[in-house]
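Secondary and tertiary structure notes
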Amino acid sequence: MRWGVVTFPGSNDDHDALYVVDHVLGADAVALWHKDRDLKGVDCVVLPGGFSYGDYLRCGAMARFSPVMESVTEFARAGGLVFGICNGFQVLCEAGLLPGALIRNRSLQFVCTRVHLRLEDTDTPFTCRCTRGELLTIPIKHGEGCYVADPSTLEQIEQNHQVILRYVDASGRATPDANPNGSLSNIAGIVNRQRNVFGLMPHPEHAAEKLLGGEDGLKLFQSVLAAYTEGARQGTTSVAPGH
Amino acid sequence: MLQTSAAVTETDAADHGLSPEEYARICAALGRAPNVVELGVFSVMWSEHCSYKSSRRLLKTLPTRGPSVLQGPGENAGVIDIGDGRAVAFKIESHNHPSFVEPYQGAATGVGGILRDIFTMGARPIANLNSLRFGSFDHPRTRYLVNGVVAGIGGYGNSIGVPTVGGEVYFDPGYNGNILVNAFTLGVVRTDKIFRARAAGVGNPVMYVGSKTGRDGIHGASLLASAEFSGEAEEKRPTVQVGDPFTEKLLLEACLELMEKDAIVSIQDMGAAGLTSSTVEMAGRGGTGIVLDLDQVPVREQGMTPYEILLSESQERMLIVARAGAEDIVRRVFAKWDLDASVVGRVTDDGLLRVMFREQEVARLPIDILTDGAPAYDRPAAPPADLDALQELRLDSIPLPGDYNKTLLALLDSPNIASKAWVYHQYDYLVRSNTVVEPGSDAAVLRIKGTHKGIALSVDCNSRYCALDPYVGAMIAVVESARNVVCAGAAPLGITDCLNFGNPEKPQIMWQFTEAVRGIRDACVALGVPVVSGNVSFYNETEGRAIPPTPTIAMVGLLEDIEHHTTQWFKGDGDAIVLLGVTREELGGSEYLMLTHGLVRGTPPWIDLEAEKQVQRVCLAAITEGLVRSAHDIAEGGLAVALAECCISGPHPGCGAVIEMEGAIRPDALLFGESQSRIIVSLRRRHLGRLRELAADANVPVTVLGEVRGRRLVIGPLIDVDLAELRRTWTTALPRRMES
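When helices and strands are tallied, chain A shows 5 helices and 11 strands. In terms of C-alpha radius of gyration, chain A reaches 16 Å, essentially the compact-globule figure of 18 Å for 243 residues. A total of 243 residues make up chain A; the buried ones form 57% of that total.

What follows deals with helix 19 (residues 470–487) of chain B. An α-helical turn contains 3.6 residues, so a residue and the one three or four places further along point in the same direction. Residues and elements named next belong to chain B. Over its 18 residues, helix 19 extends 25 Å from the first C-alpha to the last, a length consistent with the 26 Å expected when each residue adds 1.5 Å. Helix 19 sits mainly inside the fold: 18 of its 18 residues count as buried. Positive backbone phi, approximately 100°, marks G489, located one or two places after helix 19.

A few words now on the packing of helix 1 (residues 14–25) of chain A against helix 5 (residues 218–234) of chain A. All names here are of chain A. Across the interface, helix 1 lies against helix 5 with an axial gap of 11 Å and an inter-helix angle of 75°. Taken as axis vectors, helix 1 and helix 5 run roughly perpendicular relative to one another. Taking contact as the criterion, the partners of V20, V21, V24 and L25 in helix 1 are, on helix 5, L218, F221, Q222 and L225.

The subject of this paragraph is the packing of helix 8 (residues 142–160) of chain B against helix 10 (residues 245–259) of chain B. Packed helix pairs are characterised by how far apart their axes lie and by the angle those axes make with each other. Residue and element names in this part refer to chain B. At a minimum axis distance of 9 Å, the contact between helix 8 and helix 10 shows a crossing angle of 35°. Crossing of helix 8 against helix 10: the hand is right-handed. When helix 8 is examined against helix 10, the residues G155, Y156, S159 and I160 are found in contact with a partner set consisting of P245, F246, E248, K249 and L252.

What follows is about unusual backbone geometry. Backbone torsion omega between H652(B) and P653(B) reads -5°, so that peptide bond is classified as cis. Along the chain, P653(B) turns up in the loop between helix 23 (638–648) and strand 24 (657–659). Its identity as a non-glycine residue notwithstanding, Y53(A) has a phi of 55°, on the positive side. On the secondary structure map, Y53(A) appears in the loop between strand 3 (44–47) and helix 2 (67–77). The phi angle at E543(B) is positive, at roughly 50°, despite the residue not being glycine.

Moving on: the pairing of strand 10 (residues 187–191) of chain A. Residues and elements named next belong to chain A. The buried fraction of strand 10 is high, at 5 of 5 residues. As paired elements, strand 9 (residues 163–168) and strand 10 share 3 bridges and run antiparallel to each other. Residue pairing for strand 10: L165 is matched across the bridge by G189. Pairing of strand 10 with strand 11 (residues 197–200), which is carried by 3 bridges, proceeds in the antiparallel orientation. When the sheet's bridge partners are listed, G189 is paired in strand 11 with L200. Connecting strand 10 to the next strand, strand 11, in antiparallel fashion are 5 residues, including R195 with a positive phi near 70°.

Attention now goes to the pairing of strand 4 (residues 81–85) of chain A. Residue and element names in this part refer to chain A. Extensive coverage of strand 4 is indicated by the burial of 5 of its 5 residues. Because side chains alternate across strand 4, one face comprises the buried residues L81, F83 and I85, and the other comprises V82 and G84, equally buried. Note: strand 3 against strand 4, 4 bridges, orientation parallel. Across the sheet, residue C44 finds its bridge partner in strand 4, namely L81. Following the backbone out of strand 3, through helix 2 and into the adjacent parallel strand 4, one traces a crossover that is right-handed. Bridging between strand 4 and strand 11 involves 4 bridges; their strand directions are parallel. If you follow I85 over to strand 11, its bridge partner there is L200.

Turning next to the sheet that holds strand 21 (residues 550–559) of chain B. Residues and elements named next belong to chain B. Strand order in the open sheet formed by 6 strands is 14-15-16-21-17-18, and the pairing between neighbours is mixed. Edge positions in the open sheet fall to strand 14 (435–437) and strand 18 (531–537), since each of these has one partner strand only. Neighbour-to-neighbour, the strand axes of this sheet turn through a mean angle of 25°, independent of strand direction. Sheet topology note: the strand 17 (residues 491–500)/strand 21 ladder contains 9 bridges and is antiparallel. When the sheet's bridge partners are listed, P492 is paired in strand 21 with G557. Sheet contacts for helix 19: strand 16 (454–460), strand 17 and strand 21; angle to strand 21, the most-contacted strand, approximately 25°.

Residues and elements named next belong to chain B. If you check helix 22 (residues 609–624), its first and last C-alpha atoms are 22 Å apart, about what 16 residues at 1.5 Å a residue would give, namely 22 Å. For helix 22, the complete set of buried residues consists of E612, V615, Q616, V618, C619, L620, A622 and I623. G626, located one to two residues past helix 22, shows a positive phi value of around 80°.

All names here are of chain B. For L294, the position within the fold is in the loop between strand 9 (289–293) and helix 12 (306–311). Separated by 64 residues in sequence, L294 and R358 place their C-alpha atoms 8.0 Å apart. Discounting chain neighbours no more than four positions away, the residues touching L294 are P306, I309, V355, M356 and F357.

What follows concerns the sheet that holds strand 1 (residues 2–7) of chain A. All names here are of chain A. Pairing is mixed across the open sheet formed by 9 strands, whose spatial order is 2-1-3-4-11-10-9-6-7. Here the strands that pair on one side only, and so sit at the sheet edges, are strand 2 (28–33) and strand 7 (135–142). Direction aside, neighbouring strands of the sheet carry axes that sit 25° apart on average. With 3 bridges connecting them, strand 1 and strand 3 associate as parallel partners. Residue W3 lies in a different strand from strand 3, and its bridge partner there is C44. Sheet strands in contact with helix 2 are strand 1, strand 2, strand 3, strand 4 and strand 11, and its direction is about 125° off that of strand 4.

Residues V82(A), V478(B), C619(B), L643(B) and C647(B) are the most contacted members of the largest nonpolar core, which totals 320 residues. With 12 residues, helix 19 of chain B is the single largest residue contributor to this core. Sequence-distant contacts of V82(A), defined by excluding residues within four places in its chain, comprise V45(A), L47(A), V72(A), F75(A), A76(A), L92(A), L97(A), N196(A) and V197(A).

Thresholds, definitions, all that
Residues numbered from 1 in each chain as written. Chains lettered and ligands numbered in written order. Predicted model: local features only at pLDDT ≥ 70, side-chain atom pairs only at ≥ 80, totals over all residues. Helix = DSSP H or I, 4+ residues; strand = E, 2+ residues; numbered from the N terminus. Rg over C-alpha atoms; globule rule 2.2 N^0.38 Å. Buried ≥ 20, exposed ≤ 12 C-beta atoms within 10 Å, placed from the backbone. Expected span 1.5 Å × (residues − 1). Axes fitted to C-alpha atoms, helices over the stretch in contact; angles between N-to-C directions. Parallel < 35°, antiparallel > 145°, perpendicular 65-115°, else oblique. Contact = placed C-beta atoms within 7 Å. Left-handed = near helix turned anticlockwise from the far one by under 90°. Pairing = 2+ DSSP bridges. Right-handed = clockwise from strand over helix to strand, strands pointing away. Core = buried A, V, L, I, M, F, W, Y, C linked by C-beta atoms within 7 Å.

Right, dumping it as structure tokens:
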């Protein structure tokens, strides 16, 4: 399986995502450049964390207009796997590939800390190796991670089981105190209706090695790999459109 | 033909911060009066900030060599070999005055500046630290300054994608009128890919890359960094630069990409004094000359004069001497990253800085007069008249506390001791995936990818000790920073220092400086640790009141095996708690004395460098043998505070401790005194014998204090507090003050 990690000008966690795929997961990883339309035949595109184009306008607002995003949008519409982390999640919302938006944290401060997350649904290629209701500890680091959507969108994504991760306390309850940024319904990550585009504010690539404090994030990468392998074995292209 | 129409006078020179003697010296060296552009060049190159005229001779006494030192002071950063074909480049630098005038931008551009110093060397920055000193919370500006500085450091570091992994924050009324913001960056470079800033190769193009030049920051180095404050700081806002971390991120990536190609002869960032100092320093180090054509400099606004272009401190700019014929390689890489790259001059063999503007020569100055010709002063030094009174402390006049629990909680509530989580959770300390020990332990630890090695980083200075005795205080800053990296499992490798002092023209300030340099030297020689880079910041005074002397030391340590990294908190019930070192009856300069009696008095703790070295050696040996489960340096607040930190600074809910101790000394000195050369380690009981052997060989006293157990901290009959209460006090102290 081949992964592509996009570098926008201002991407910061692109090297980290490449490192996890390449050195920890042991899969094939290639860098994709924002000015190129070529996705180099990858099976999953990662939109990494950082501050694309400086994020001086609105987070992700410039990146969605980059040449690479034209191809990523096409790829996603054809069922390709897209994994947007932090700034990548913001870009996906700006590009209309995921519903809702991310605004400034309730505290108005940047926050870097480990959070507890409850895994709400395993019926996605990004979480198929996890257990429903399991708690993951993964860091967040953002200034604009407060997820918002209008009431009908919110109702829809809940009904369709598109909410994949929620901020919870150590015992798994989605309390206001466990919400680090003010996100509606403690939402930390969602998928699109077709379940092939995933956006989350926490950084699973920063929770992929025991030496660096935990491996919970690696499960999401392993799920994608498992989903791809399973899809390839069954000869389907529904999960990954392939090379 | 040199344009000399705008001849200048001694008064103009004085307005540029040059004394009548210095102006006379310039005229004598040139054989004529400088024109106004040239005066501007002299004003920055001969400023305290750029020329180190008051400190240069003393700094030469510091030990700067060592078998692993690849680059000592004099370049953009120091470089030390760590084996496996890799080296670390690091440096600390002050941005005090800009941060006081405009805290967000001042701190942000401080981070931006030190980052450029590191990637200029060819090193990929992997860690930032900072040392921050603010006035007391009673002062009306303190909260505003703390908020702005922390947001500025985060705003720049987070955006550029370099983790801020550690630092220190102190509050003292001595900084009410002059805060300190010292920023440190470390990068990793391949030993065969180190770049230096020496202009060489006559005819080679001098290229300008990065942001366009604007009118911001003119005279930042000469007038803001090299003079005291008086009156309204707000008036100096226009001399503070504005940072753009996004552009610097592009510049960083473009420079590192370009360095992989065979196109660069040398490279230098444009920091203080901008285009002027980068040009002069590159030519000076290379023994060459440079001719600049200012019409080729990308400018942000119309009508900029040569004077403004030369002295602008616009951020995110670099100067490159490229290999002749490689101009297009440079242009292509920078175009990829959407940055300007322009040939603005050539390397010459005439030893001159020649500046052209609209086909006229507007400056013509011998490089050596600007660099080596700068004045170097042996300024008079004398101890302050009240030194004896300050150092006098009669312990029998200090009453013992009535309730030791309350005293311990009061110390944990002191902003100098309290958890700094409110600060570091605003920094991205994870990006680049190397952070093994996060902020909140004695030292941060990062792995070095592609090796089994790691580095430990700590930045330290207790300026209260330095105010009482700058020699001892500076020694303690060095040994404490070393002790911190040792507690993390690393061997001290080298330091960079940021020497923050008042006005060196005052003999008592010069005495403080002289003593502090002597202290750093003696401690570094004893520990065998070189000083590879640094920065001096004088004139930290407002309305004639100087800051406490603050020689900040940033220590880099090396872990041969990253698996040996150690944290400060207790790990589990049943472990033995052991003290390495001796507790003396001393309270001088302690946080306890300040907090409970309002006194900054006495002499700082006793320091015996040989004993210190042995304590560190035993601790490191025990860690590398795998005996130790936690190691924590004893610092401000003494043994009781250190034990409390061992209990509560790790993951929830923490580990309690039961300590049986008796001493022949006053109980307050036993619990809260700050005797040096002490480390608390915890280990499994079965390893006690081996630890005793290691300690006996080195003559290091070992005391079993007690054991890790339960959910309370119990110290003999004097202290018995629930962990939840300790933790609540310690973690809420800073947010409560910031939010009130």
